[in-house]
Amino acid sequence: MKTPSVHLVWFRHDLRCHDNEALHAAFNAAAADNGVVIAVFIATAKSWQQHHMAAIRQDLLRRRVKALESELADLNIPLVMVEGVDYASCAKTIAAFIPKGLVALYAQREYEVREQQRDEQVSALLQQQQIDCHWFDRLCIMPPGSVLTQQGDVYKVFTPFKRNWLAKYAEQGVHCFAKPKPQARTFTDLPTFTVMQEGDNSSSAWPVAEAEVLQQMRLFCQQKVQDYTLQRDLPAVDGTSQVSPYLAIGVLSAQQCVARLQLEAGASIWQEKSGAAVWLSELIWRDFYKHIMLAFPKLIKHKAFQAETDLIQWPNNAALFEAWCQGKTGYPIVDAAMRQLNQTGWMHNRLRMITASFLVKDLHIDWRWGEQYFMSKLIDGDFAANNGGWQWAASTGTDAAPYFRIFNPVTQSQRFDANGDFIRKFIPELAAKSAKDIHWPHKPITPKGYAAPVVAHDQVRKITLALFSAVKNQENQHA
Ligand SMILES: Cc1cc2nc3c(=O)[nH]c(=O)nc-3n(C[C@H](O)[C@H](O)[C@H](O)COP(=O)(O)OP(=O)(O)OC[C@H]3O[C@@H](n4cnc5c(N)ncnc54)[C@H](O)[C@@H]3O)c2cc1C
């Protein structure tokens, strides 16, 4: 019997069957040439470590790939899960993998530098063997290069980017690809590989079945999004979607989120302050930071977006950094947030802003230390969003908060955790404190077991202003 033509889908950060353009295209091609679809996932633990990917995020990935295996099996698609080494070795792995009859590879494009190099190597290798490569731009809702200024440049500021993004969305909407129907025949003649290792189950609080994840997003759009504007800043309230871990590894696409939002919220998506409009705005921020990352590769090389801020001489006190990491700074909202991160792998957005600002502008530690620490702990770690968030908080990035605007951690706490419920949840030492006292529990004395404040906010903010104005002055002199 003639070997069928084989179409290979390489899953990376698009670990889903619904709205998967690569999978969809492979199915169409296989239907056209009476071929068969197979799939591969290559775990690259060495590269993940080099990128400081949190253990909990690695575990979520591994658990999700196992779940995907059985979801693909229902479509008669075998998924080969290979324990590879790093990105550089992927071409070798794919070369060793090539089954008889392989005609094409399908995958979603990724925009980080090493990921692009990996894909160029694989493309070159397959081209030598006359095997086609099809790359798809589905990581963003609007692909990089599609939202540009009138001069054809990348936007460096969010608001005009968003305006243009929304105009495009009004024109073309979003399209989601249906989950394919099971293929009639399957392919069994697969090469044997080092089978992907299991994770450590540290992410078990997060379901990984595609149906459950879709349901979580749909329920948010149905039941919670209307209150998003009011609740999204309150860490004690379950007011945000918590889909970030799933968007980060592609169990969900951002297009699916927008399509569902549009369906549930209808015209309110266009009312500026509605929950739907504000939630959509957050998804646009996600696109924005990915476009910026691709256009400015220096960001991946640890450079500040605003070059002059790289001249700041950060004191980088290691003991203060350790206190911040451990949630022992004596500032309850900061400590509760860091303990949430350490214990659960996730942190509320308002708290990410407060803790990032505190590290840089109260403790005078280089934002890159915090960026790396977050990456090593977050279940939703995503280079573009994390780097964008850190550079925003540190006043070194696009749209950065002006450097002289410094969050006061105590007033932020009073405003966004007014009853102290979030603090009490993560700092049992302060459980007995009243709503009034919990934000600054050091009067008359610091409660037993809780840290004394490591710095005095009013004093250290002056140092921050001096650190920034020194480099801003240098810049003016050279201008
Ligand atoms: C210092 C700092 C570091 C951050 N690091 C990350 C990170 O590593 N990974 C990550 O996904 N987000 C990061 N964010 C953005 C944001 O905090 C999280 O996306 C959000 O808290 C996730 O919770 P959610 O899914 O409930 O979000 P929702 O409020 O429900 O928002 C929906 C989705 O929109 C996207 N989104 C929301 N806010 C932002 C934002 N400011 N920038 C980019 N995308 C956004 C996320 O994909 C999110 O899941 C960071 C923000 C800051 C200030």
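Residues numbered from 1 in each chain as written. Predicted model: local features only at pLDDT ≥ 70, side-chain atom pairs only at ≥ 80, totals over all residues. Heavy atoms only, no water.

Engineer: Would you explain the overall build of the protein in this entry?
Structural biologist: The number of helices and strands found in the protein is 19 helices and five strands. Here the C-alpha radius of gyration of the protein, 24 Å, is about what a compact globule of 479 residues would show, namely 23 Å. When the backbone C-alpha atoms are referred to their principal axes, the protein occupies close to 85 × 55 × 45 Å. Looking at the protein as a whole, 54% of its 479 residues qualify as buried. Within the protein, residue pairs in contact and separated by at least 24 positions form 78% of the contacts whose partners lie at least 6 positions apart. For the protein, the computed accessible surface area is about 20,900 Å², with 52% contributed by carbon and sulfur atoms. (Helix = DSSP H or I, 4+ residues; strand = E, 2+ residues; numbered from the N terminus. Rg over C-alpha atoms; globule rule 2.2 N^0.38 Å. Buried < 20%, exposed > 50% of the residue type's maximum accessible area, 1.4 Å probe, protein only. Contact = heavy atoms within 4.5 Å. Areas by Shrake-Rupley, 256 points an atom, 1.4 Å probe, with all protein chains shown as cover.)

Engineer: In this structure, what is going on with the domain arrangement of the protein? I would like to understand it.
Structural biologist: Frequently, the measure chosen for interface size is the accessible area removed from exposure when the parts meet. Entries for the protein in the domain assignment read domain 1 (6–139), domain 2 (140–179 + 209–295) and domain 3 (307–472). Averaged C-alpha coordinates put domain 1 and domain 2 at centres separated by 25 Å. Contact residues are listed per partner, giving 23 residues for domain 1 and 25 residues for domain 2. Surface buried jointly by domain 1 and domain 2 totals about 2,200 Å² across both partners, of which 61% is contributed by carbon and sulfur atoms. When residues of domain 1 are sorted by the area they lose upon contact with domain 2, His18, Asp19 and Tyr111 head the list and together hold 28% of the total. Where domain 1 packs against domain 2, one counts one salt bridge. Between glutamate 210 and arginine 64 there is a salt bridge, with its nearest N and O atoms 3.6 Å apart. On the surface where domain 1 and domain 2 come into contact, there are 13 residue pairs in polar contact (both at pLDDT 80 or more). Only α1 (21–32) and α3 (55–73) provide two or more residues apiece to the side of domain 1 that touches domain 2. (Domains from an automatic or database assignment. Buried area = accessible area lost by both parts, 1.4 Å probe. Salt bridge = Lys/Arg side-chain N within 4 Å of Asp/Glu carboxyl O. Polar contact = N/O pair within 3.5 Å; in protein donor to acceptor, adjacent residues only side chain to side chain.)

Engineer: Please clarify how the pattern of salt bridges should be interpreted in this entry.
Structural biologist: Pairs can form between side chains of opposite charge whenever their charged atoms are close. With the rule as written, the count across this model stands at 22 salt bridges. With a closest N to O distance of 2.8 Å, arginine 62 and glutamate 83 form a salt bridge. Here arginine 62, found in helix α3, pairs with glutamate 83, found in strand β3 (residues 79–83); they are 21 residues apart in sequence, far enough to count as distant. Classification of arginine 62 by relative accessible area gives buried; the value is 6%. Linking arginine 352 and aspartate 380 is a salt bridge whose minimum nitrogen-to-oxygen distance equals 2.8 Å. Taken together, the residues span a long stretch of sequence, with arginine 352 in helix α14 (residues 349–362) and aspartate 380 in the loop between α15 (367–377) and α16 (383–393) at a distance of 28 residues. You can call aspartate 380 buried: its relative accessible area is 7%.

Engineer: Explain empty space enclosed by the protein here, please?
Structural biologist: Vacant regions in the atomic arrangement are exposed by a probe of water-molecule size rolled over the atoms. Applying the stated criterion to the full structure yields four cavities of 30 Å³ or more. Along the walls of the largest cavity sit 13 residues, with Arg12, Ile42, Thr44, Tyr87 and Arg118 positioned nearest its centre. For the lining of the largest cavity, the class distribution of residues is eight nonpolar, two polar and three charged. Of the pockets and cavities examined, the second largest cavity occupies roughly 90 Å³. (1 Å grid on protein atoms, 1.4 Å probe; cavity = no way out; pocket = protein on both sides within 12 Å on 5 of 7 lines; lining within 4 Å. Points joined across faces, edges and corners; volume = space filled by probe spheres on them. Nonpolar A, V, L, I, M, F, W, Y, C, P; charged D, E, K, R; others polar.)

Engineer: Sorry if this is basic, but what is going on with the packing of α15 against α16 here?
Structural biologist: When two helices pack together, their arrangement is given by the angle between their axes and by how far apart the axes lie. At a minimum axis separation of 10 Å, α15 and α16 run at an interaxial angle of 145 degrees. In the crossing of α15 with α16, the sense of the turn from one axis to the other is right-handed. Contact residues: α15 offers Trp367, Gly370, Glu371, Phe374 and Met375, while α16 offers Phe383, Asn386, Asn387, Trp390 and Gln391. Residue composition of the contact of α15 with α16, grouped by class: five nonpolar, four polar and one charged. (Axes fitted to C-alpha atoms, helices over the stretch in contact; angles between N-to-C directions. Left-handed = near helix turned anticlockwise from the far one by under 90°.)

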